[in-house]
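So you can see what is in the structure, the chains are spelled out below.
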Amino acid sequence: MATPLRVLIVEDSEDDAVLVVRHLERAGYAPAHARVQTAADMIAALEAGPWDCVIADYSMPHFSGTDALAIVRSRGMDLPFIIVSGTIGEEVAVAAMKAGAHDYVMKGNLSRLGPALARELRDAADRRERRRVEEERARDLLYDAVTGLPNRTLLLDRLGLAIERAGAPGNLPAALLFVGLGRFHAIVEAWGHRCGDAVLEAVARRLEGNVRAGDTVGRVGETEFAVVLDPVREPGEPARIAEALERALSSPVAAGGQEVSVTPSVGIAPVPGSDRQAGEILRDANTAMHRAMARRTAGGAIFESAMHDRAVARVRLENDLRRALERGELEAGYQPVVSLRDRSLTGFECLARWKHPERGLIGPAEFIPIAEDTGQILPIGAWVLREACMQVRDWGFRRKVVPVAVNLSALQFAQADLADRIRATLVETGADPRSLHLEITESVAMDDAAATIRTLASLKALGVKLKIDDFGTGYSSLSYLHRFPLDALKIDQSFVRRIDTDAEAVEIVRTIVALAHAMSLTVVAEGVETEAHFSGLKALGCDEGQGFLFGGALDARKAEEMLK
Ligand code: C2E
Ligand code: CA
Ligand code: CA
């Protein structure tokens with residue numbers, strides 16, 4: 001029976017093409033052919049393929065055999081290419097072969113075409129087979145032959161990608177599970193290697209069936225598997241999956257007519273997304289697995305679990321914080337500020353706090369730094385400002401002038417349109433600007449002192465009062481401090497706390513008070529906790545105080561009661 005052959009003929013003469021086809025038939029082929037004579041037709045025909053071979057005339061009016069060959073080669077196609085030509089000198093023939101033609105046949109000697117083509121088709125088939133074997137070998141380099149899972153090399157590569165991804169800012173961490181099988185060698189000894197392979201295959205399928213889509217399961221040793229969990233969404237997730245894997249692997253496997261059981265142990269290592277190498281993390285997880293094996297505890301021995309949990313908890317808090325505002329979980333607290341002369345109330349400082357649905361009340365010392373890192377401080381700060389302004393307005397209605405101080409973070413302070421935003425809030429809420437105090441820390445103020453002068457001036461023009469917070473902790477340039485349009489300095493609590501025990505702290509407070517008064521600024525002491533603090537500060541000439549001695553932050557209703 002004739003061999004089917006899809007042949008593309010590059011030929012300007014229909015008669016010559018018919019001749020070629022006839023010779024192919026005579027040589028035992030059943031050719032299905034197309035004839036092309038331009039580059040465009042050639043490309044279209046190749047795309048419409050597939051073809052078993054190309055037979056090309058050498059020179060044509062608008063095209064040539066070498067052009068046709070170049071087109072085939074440029075597409076990376078490995079097709080037997082035979083040049084058939086009436087006039088081909090030896091030099092041209094050699095050039096064509098060098099360019100990649102497989103053979104050439106004279107038109108006067110077409111009986112050679114059949115055998116030449118047969119040889120080229122065979123060679124092409126050999127080349128295809130060799131490529132297939134090479135690809136398979138490459139596969140063997142990355143996949144385990146018994147289970148079909150990624151091998152150690154590929155798993156480490158995937159782990160490397162997880163480390164990179166987890167390291168990018170704002171990304172969730174990842175984790176690595178290391179799974180060891182106890183009793184495997186006993187099974188092989190009792191039932192043979194074939195049974196052992198069947199167990200490994202069953203284990204592989206169970207592992208794949210109990211991880212999440214997207215996790216990578218690999219075989220990293222004879223009886224060892226690893227799973228890249230990427231990403232980890234909550235702190236307990238790796239332990240939960242580890243437990244599920246131990247459970248899944250603990251039930252007996254039917255292998256080679258036997259029911260056999262292995263004893264799995266799972267170790268967990270965090271993937272911190274830092275400078276640690278994939279190999280080190282695999283070793284961490286292996287260590288954890290051996291500990292788990294020793295203890296036979298369910299859930300895995302968590303390697304450096306505290307660190308891992310902290311990273312996860314932080315990411316979680318970031319995510320929760322993003323929703324805190326819209327869910328109305330934030331609250332404004334008001335801490336009283338009193339005159340040290342007679343302890344009368346002179347105002348409040350507005351402090352944000354977060355009623356977390358699961359964790360309860362979270363103080364600003366914990367979540368404000370996170371909000372600053374993520375940029376959330378901008379909407380949060382705007383919200384606090386609005387709350388404070390509404391409070392000021394409400395108290396204003398009762399003909400009470402009660403100043404409320406609001407903290408501005410570095411990010412807020414750097415906003416080019418800060419003054420416009422604050423003006424808009426004042427107008428919208430109807431608050432009296434004189435009752436709004438704004439606090440920025442000394443370090444933020446001194447960071448770019450020239451810019452601070454401009455920003456403070458634009459705020460001052462609104463009619464609000466300006467305070468430098470945490471004074472004494474940064475490095476103030478006195479010449480700049482002098483040029484800031486300020487109303488008050490707040491002495492940092494670290495000095496106040498030491499005032500009754502530490503002579504140096506006393507001197508620092510004395511200096512700050514003298515400096516402030518020389519600039520006609522009010523001095524407020526923060527962190528006044530005891531009567532000793534109170535009397536010491538009063539003696540040093542401090543004007544106002546704030547601290548647990550007078551009360552912590554109160555909700556708006558309690559603050560209002562204090563006003564009465
Ligand atoms: P801060 O502005 O220096 O606020 C004073 C902090 O000292 C408050 O901590 C307050 O509760 C605490 N404190 C008051 N009296 C005493 C005392 O007698 N002893 C001691 N040990 N501490 C006292 P809190 O509420 O944890 O706030 C921490 C920081 O968070 C604040 O420090 C402020 O920088 C920031 N913060 C709070 N609310 C906001 C806000 O709405 N916006 C911005 N940008 N930052 C805020
Ligand atoms: Ca403050
Ligand atoms: Ca402070």
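Look above for the structure.
None of the values given here were measured: they were computed from a predicted structure.

About the thresholds
- Residues numbered from 1 in each chain as written.
- Chains lettered and ligands numbered in written order.
- Predicted model: local features only at pLDDT ≥ 70, side-chain atom pairs only at ≥ 80, totals over all residues.
- Heavy atoms only, no water.
- Donors = N, O, S within 2.8 Å, 3.2 Å for Na, K, Ca; no water.
- Helix = DSSP H or I, 4+ residues; strand = E, 2+ residues; numbered from the N terminus.
- Buried < 20%, exposed > 50% of the residue type's maximum accessible area, 1.4 Å probe, protein only.
- Core = buried A, V, L, I, M, F, W, Y, C linked by side-chain atoms within 4.5 Å.
- Contact = heavy atoms within 4.5 Å.
- Salt bridge = Lys/Arg side-chain N within 4 Å of Asp/Glu carboxyl O.
- Pairing = 2+ DSSP bridges.
- Axes fitted to C-alpha atoms, helices over the stretch in contact; angles between N-to-C directions.
- Near = heavy atom within 4 Å.
- Polar contact = N/O pair within 3.5 Å; in protein donor to acceptor, adjacent residues only side chain to side chain.
- Areas by Shrake-Rupley, 256 points an atom, 1.4 Å probe, with all protein chains shown as cover.
- 1 Å grid on protein atoms, 1.4 Å probe; cavity = no way out; pocket = protein on both sides within 12 Å on 5 of 7 lines; lining within 4 Å.
- Sits in = over half its atoms within 2 Å of the grid points.

Colleague: Any chance you could break down the coordination of the calcium ion (ligand 2) for me, citing the residues and the numbers?
Modeller: For the calcium ion (ligand 2), the full set of protein donor atoms is Glu 349 (OE), Asn 407 (OD1), Glu 439 (OE) and Asp 469 (OD), at a range of 2.1 to 2.3 Å. Between consecutive donor residues of the calcium ion (ligand 2), the sequence gaps follow E-x57-N-x31-E-x29-D. Between the calcium ion (ligand 2) and the calcium ion (ligand 3) the interatomic distance amounts to 4.2 Å, and Asp 469 serves as a bridging ligand to the pair. Of this pair, Glu 439 sits in strand β17 (residues 436–441) while Asp 469 sits in strand β18 (residues 465–471), and the two are 30 residues apart along the sequence.

Colleague: How would you summarise the coordination of the calcium ion (ligand 3) if you had to cite specific residues and measurements?
Modeller: At 2.1 to 2.5 Å from the calcium ion (ligand 3) lie its protein donor atoms, namely Asp 469 (OD), Asp 470 (OD), Glu 526 (OE) and Glu 526 (OE). Site description for the calcium ion (ligand 3): donor spacing in sequence, D-D-x55-E. On the basis of relative accessible area, Asp 469 is assigned to the buried category, the value being 6%.

Colleague: Residues and numbers for the nonpolar core, please.
Modeller: Residues Leu 438 and Leu 459 are the most contacted members of the largest nonpolar core, which totals 74 residues. Per-element tally for this core: the top contributor is helix α13 (residues 377–397), with 8 residues. Beyond its immediate chain neighbours, meaning those up to four positions away, Leu 459 contacts Leu 408, Phe 413, Leu 418, Ala 419, Ile 422, Leu 438, Val 464 and Leu 466. Counting residues in each nonpolar core, the second largest holds 32 residues, with Phe 184, Ile 187, Val 217 and Val 266 among its members.

Colleague: Tell me about the pattern of salt bridges, and please be specific about residues and values.
Modeller: Summed over the entire model, instances satisfying the criterion amount to 34 salt bridges. Between Asp 144 and Arg 219 there is a salt bridge, with its nearest N and O atoms 3.1 Å apart. Placement of Asp 144 in the loop between α5 (113–142) and α6 (152–167) and of Arg 219 in strand β7 (residues 216–221) is noted, with a sequence separation of 75 residues between them. In this structure, Asp 230 and Arg 165 form a salt bridge, with 2.4 Å as the shortest nitrogen-oxygen distance.

Colleague: An account of the sheet that holds strand β4 (residues 81–85) is needed here, citing residue identities and associated values.
Modeller: Hydrogen bonds between backbone atoms are what pair the strands of a sheet, whose relative direction is either parallel or antiparallel. Reading across the sheet, the 5 strands line up as β2-β1-β3-β4-β5 and stay open at both edges, with parallel pairing between neighbours. Taken across any chain shown, the strands that pair with only one partner, and hence form the sheet edges, are β2 (29–36) and β5 (103–106). Between one strand and the next, the sheet's axes are offset by a mean angle of 25°, whatever the strand orientation. One ladder, built from 4 bridges, connects strand β3 (residues 53–57) with β4; its direction is parallel. Considered in β4, the bridge of Ala 56 is made with Ile 83. Its contacts with the sheet put helix α2 (residues 39–48) on β1 (3–10), β2 and β3, and the angle it makes with β1 is roughly 155°.

Colleague: Mind laying out the site of ligand 1, listing which residues take part and the relevant values?
Modeller: Lining the immediate environment of ligand 1, one finds 21 residues, of which Gln 335, Asp 469, Gln 493, Glu 529 and Phe 548 sit closest. Take Asn 407: an N or O atom from its side chain is 3.1 Å from an oxygen atom of ligand 1. Here ligand 1 has 790 Å² of accessible area as a free molecule, and 81% of this is covered by the chains. Under a 2 Å grid-point criterion requiring more than half of the atoms, the pocket assigned to ligand 1 is the largest pocket. At the level of elements, β14 (345–356), α12 (364–374), α13 and β18 are the ones that each hand at least two residues to the shell around ligand 1.

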